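Coordinates in review
Residue strings, one per chain:
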Amino acid sequence: MAASTSPFALQVPVERHRLANGLRVVLSPDRSAPVVCVAVYYHVGMRLEPQGRTGFAHLFEHLMFQGSPSLGKMELVRLVQQNGGTLNGSTRYDFTNYFEVMPANALDLALWMEADRMRGPVITQAELDNQRDVVKNEIRVNVLNQPYGSFPWIDMQERAYTNWHNSHNGYGDMADLDAASLADVQAFFDSYYSPANAVLVVVGDFEAAHALDLARRYFEPIPAAPAPAPADISEPRQAEERRFSRTDPLANRPAVAISYHVPERGTPQFYALGLLHQLLASGDDSLLHQEIVQKRALTGEVDASINFLGHMHNAQTPLLWTVVAVHDDDVSADAIVDAVEGVIAPLRDATMDAAVIERARTKARASLLRTAGDSNYPRFGLADLLASFELLEGDANGVNEIDARFAAVTPELIRETAREYLRPTNRNVLVLEAGAAS
Amino acid sequence: MSLPPRPAVPPLAAFTLPPRRHEALPGGGRLTLVEVGTVPLASIRLVLRAGAVDLAEDATWLDRFVTDYLREGTQDRDAAAFAGTLAAMGGRLEVDVDELSTTLSTEVLAEHAPAAAALLIELARAPRFPEDAAERLLTDLRRTLDMAQAQPSWLAYVAMRRALFGDQPYGRVMPAPEAIESFTTARAAEFWARSTGARRAHLMVAGRFAPDAVVEAARRASDGWSPGVEPTPLSASAREGRAIHLVDRPGAEQSTLQIGLPVIDPPHDDYVALEVTNALLGGAFASRITLNIREDKGYTYSPRSVISARPHGTYWVEVADVTTAVTGASLHEIFGEIDRLRGEAPPEEELRGVINYVAGSFVLRQSSPSALLDHLEFLDRHGLDGGYSASYLARVQAVTPADVQRLTATHLRPEAMAIALVGDRAAVEAQVTPYGSIFG
């Protein structure tokens, strides 16, 4: 692997261990401020939930805050907050995470709490019913009662993917949520929440040897259980363009989303696509912004992403590179689709100017540092990167190679990647009609 | 699989604020630098005392038009050149405006901090305001306004602001669609010339960077910047009184609620204690209102109360999107929790936990560049200095159960609270009439 030449490349200490029960432990000390983040990632997300139980992985995440063998409802939340910390959990395509950001003196407690949580939810029917209501209200406030609430993330994945694991709505159908039972909760826990299917990450102000001792003391007594067999989440190569439309009754301006299937995670092409994202669609200097907003005035903003629920480094492929624009009635969706293709087409034919590629690399480098330096939950951004590489690629050290992977991308590889992945026949176009009067 | 007993948490080490360095800039501008953070990035903000309060009555959102216009570059660099220069440093331009400030900000790789600081000053001093961009920006602004009106949270925010501030600047947050048709390049440029200048500028830098080089670059970039006109002294006053300001949204699955009233401004002696009170009542996940309407009743997903601070216009507000059928029940529970705290001091142990949460949050924020810059802006806006930050933890620790009850009784009076409600009128009207007269 070519080493990056930049002194600003993300480089962090990484120490990896595996406990007797299969739990992987990743430690990354950083003594610059008295803060620690403790995060546990379970390798189960929306993609792996049972058919007929859409939304269950997410509902289960809520239930993991309701009670554990040693802590009753809300006790974990109170313990974190009354020790000056903050916490959250989230459900993504491939994993579900639980984390605390605490003053460094609470490291011991945070590890103890997560080890207790790993022993399993201890909850009542009333607590299940309560969180079912909370989750339904989450879906209402984020999706059902909002203009563009499911656009494009749920709408596009339902249409662009052919494999159920990828295409179904991970927030869940209300009927599936209604059907979820305590028996489902136990079965899901038994299948997916074993130590061998999890990674514990600790980032921040601590001594590695001390944190490892604590991790062993609290987590190692949890019995081993086999990790679940991996699911087949592959998608076939798309050979024909596909077009879809839907009406959003709450939206008052039309919109269009264009999604392309991306290269497999970890490949050179994947990093080339990452640079294509930077130069095409990231920031006001990007080619799409310059053409579609500045020059053609087709919309006020072009949004693009590689992962509807995060960024390119914290999800497994299949993923979609998606460009979104909300526009006025007097601009057609086709005008935007054609303009996007007009910007992309030259990239398939000729190699890009070296200076433009270098700027894309700089943007990717800064973007990665911003992710690692996350301000909302200090230290969590780095913990998330480490956990993602450990779970999805088998080695957390991968975070230290990201910059070199971008550095190794050649102009020719960018052209080849554009040819195969940004071809019109790999494209899914979703037109959103505005159902609400302006 | 036995788990050892729960470990005790040792006392927090004494927390030392990262040092702040203050420098003067030519023309009367100010510069504050704080070295903090874990990654080699510098967060840079140029805060200009130019906001919506500086607008005439018929010019609501002209400030937004101006912020969009600022993305069009400087006299020396057009939009593409400006964006490209910043991108080559790893940054992008963010422009935000609120009642009092326009903030130009970016985050760049550490080595580029001096050049990025100079670039923001260049933009503030000499924005390009190209004539030929006006129609495009106006089209975008029309779309933004239209789309905002489809968002329940925006409509509730507008209704609350109108309830509290009426036609005063703090209440004028949404223009009539025809009003923005009068926006022109000349009006944008006139606003900028009238409302900015070195004396109205505060450059703030936090993160990892070479401080002397930033000071030098900022001084050079500010050289010859005219001081500008002193801002007009603010006059604002908030209204209170129970009434329901209803925005009908037929068929809505949820009611979007804001319940609020004016409270004390940050310089007030009781303000920090009111923050602790708010965290106990509704501001934290483990707070009383959230435990009640989310974790017990399941009425809502993300309820929260906040103190929204601005000079002469600070207000407390509880925000929640609740299932339509339990709109009245949610109001009952929210007011019930407020009344309970007015009537009875909280247990010592509950308050101790909240104090530790508020103190811990402060420590986390002071260690993070962007949150630290938010804090510096807060100090500026309210005429506070480093003494506020230095004494903050001690003031939080000193709050007593009796303080919390007294502050709730004094400042959080349910009979004075306005209710903004965006929801299905036909479904909620009967539910909410016990809580006030309906306007709208």
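Numbers given to residues run from 1 along each chain, matching the order in which its sequence is written. Naming scheme: in the order in which they are written, chains are lettered from A and ligands are numbered from 1. Where totals are concerned, whole chains, interfaces and linings use all residues; where local detail is concerned, this predicted model gives features only for residues with pLDDT of at least 70, and gives and counts side-chain atom pairs only at 80 or more. Working from all heavy atoms in the structure, the side-chain values ignore hydrogens and water.

Now for the interface of chain A and chain B. Note: interface size is frequently given as the accessible area lost on complex formation between the parts. Contacts are assigned to residue pairs with any non-hydrogen atoms lying within 4.5 Å of each other. On the chain B side, the residues contacting the 79 residues of chain A number 71 residues. Buried area: the accessible surface (1.4 Å probe) lost by two parts on joining, summed over both. Contact between chain A and chain B buries roughly 6,300 Å² in total, counting both sides, with carbon and sulfur atoms accounting for 60%. What counts as a salt bridge is simple: a side-chain nitrogen of Lys or Arg found within 4 Å of a carboxyl oxygen of Asp or Glu. Here chain A is connected to chain B by 6 salt bridges. Across the pair B:Arg71 and A:Asp284 runs a salt bridge, and its minimum N-O distance is 3.0 Å. Throughout this entry, Asp, Glu, Lys and Arg are counted as charged residues, while Ala, Val, Leu, Ile, Met, Phe, Trp, Tyr, Cys and Pro are counted as nonpolar. The remaining residues, Gly among them, count as polar. Of the residues belonging to the side of chain A that touches chain B, the class tally is 31 nonpolar, 29 polar and 19 charged.

Quick look at the side chain of B:Glu333 now. Residues and elements named next belong to chain B. The numbering of helices and of strands both runs from the N terminus, where a helix is a DSSP run of H or I of at least 4 residues and a strand a run of E of at least 2. Locating glutamate 333 in the fold gives a position in helix α10 (residues 327-343). By the criterion applied in these results, polar contacts are pairs of N or O atoms within 3.5 Å in which, for protein atoms, one can donate a hydrogen and the other can accept it, and in which residues neighboring in sequence qualify only through two side-chain atoms. Of note is the side chain of glutamate 333, whose polar atom sits 2.9 Å from the side chain of asparagine 292. When sequence neighbours within four positions are dropped, the list of residues in contact with glutamate 333 reads Asn292, Ile293, Lys297 and Tyr299.

A separate point is the sheet that holds strand β3 (residues 41-48) of chain B. Strands pair in a sheet through their backbones, by hydrogen bonds, and they do so in one of two ways: parallel or antiparallel. All names here are of chain B. Note on pairing: DSSP must find at least two bridges between two strands before they are called paired. Pairing within the open sheet is mixed, and its 6 strands lie in the order β1-β2-β6-β3-β5-β4. Taken across any chain shown, the strands that pair with only one partner, and hence form the sheet edges, are β1 (20-24) and β4 (94-97). Ignoring which end each strand starts from, the neighbouring axes of this sheet average 15 degrees apart. Bridge analysis of β4 against strand β5 (residues 102-109) gives 4 bridges, and the strand direction is antiparallel. Paired with valine 95 across the strands is leucine 104, a residue of β5. Of the strands in this sheet, β1, β2 (30-35), β3, β5 and β6 (201-207) touch helix α12 (residues 369-381), which is tilted by about 155 degrees from β6. Only the stretch in contact is used when a helix axis is fitted, and all axes are lines through C-alpha atoms; the angle between N-to-C directions ranges over 0 to 180 degrees.

We now examine the packing of helix α11 (residues 348-366) of chain B against α12(B). All names here are of chain B. Where α11 contacts α12, the two axes come as close as 6 Å, and the packing angle between them is 105 degrees. With respect to their mutual orientation, α11 and α12 come out roughly perpendicular. Across from Phe362, Arg365 and Gln366 in α11, the residues of α12 making contact are Ala371, Leu372 and His375. The labels follow the angle: roughly parallel below 35 degrees, roughly antiparallel above 145, roughly perpendicular from 65 to 115, and oblique for the rest.

Let us look at the nonpolar core. Generally speaking, soluble globular proteins have nonpolar side chains that are buried together. We define the nonpolar core as a collection of buried residues of types Ala, Val, Leu, Ile, Met, Phe, Trp, Tyr and Cys that are connected through side-chain atoms lying within 4.5 Å of one another. Per-residue accessibility, obtained with a 1.4 Å probe over protein chains only, is compared with the maximum for each type, and a residue is labelled buried under 20%, exposed over 50%, and partly exposed between these values. Counting 82 residues, the largest nonpolar core has A:Leu280, A:Leu288, A:Trp321, A:Val340, A:Leu386 and A:Leu422 as its most contacted members. A:Leu76, A:Leu79, A:Ala104 and A:Val135 belong to the second-largest nonpolar core, a separate cluster that totals 69 residues.

Before going further, it helps to examine the confidence of the model for chain B. Where the model shows low pLDDT, its predicted coordinates should not be examined in detail. Taken over all residues, the pLDDT of chain B has a mean of 96, while the share at 70 or more is 100%. We note a pTM of 0.97 for the whole complex and an ipTM of 0.96 for its interfaces. Values of pLDDT, which run from 0 to 100, indicate the predictor's confidence residue by residue.

It is worth spelling out the pairing of strand β11 (residues 418-423) of chain B at this point. All names here are of chain B. Taking burial as the measure, the 6 residues of β11 include 6 buried ones, the bulk of the element. Here β11 shows no split at all, with Ala418, Ala420 and Val422 on one side and Ile419, Leu421 and Gly423 on the other all buried. Strand direction decides the pairing type here: strand β7 (residues 243-248) and β11, joined by 6 bridges, are parallel. The residue bridging leucine 246 from the neighbouring strand is leucine 421, located in β11. In this sheet, β11 lies alongside strand β8 (residues 254-262) in antiparallel orientation, the contact comprising 5 bridges. Residue pairing for β11: isoleucine 259 is matched across the bridge by isoleucine 419.

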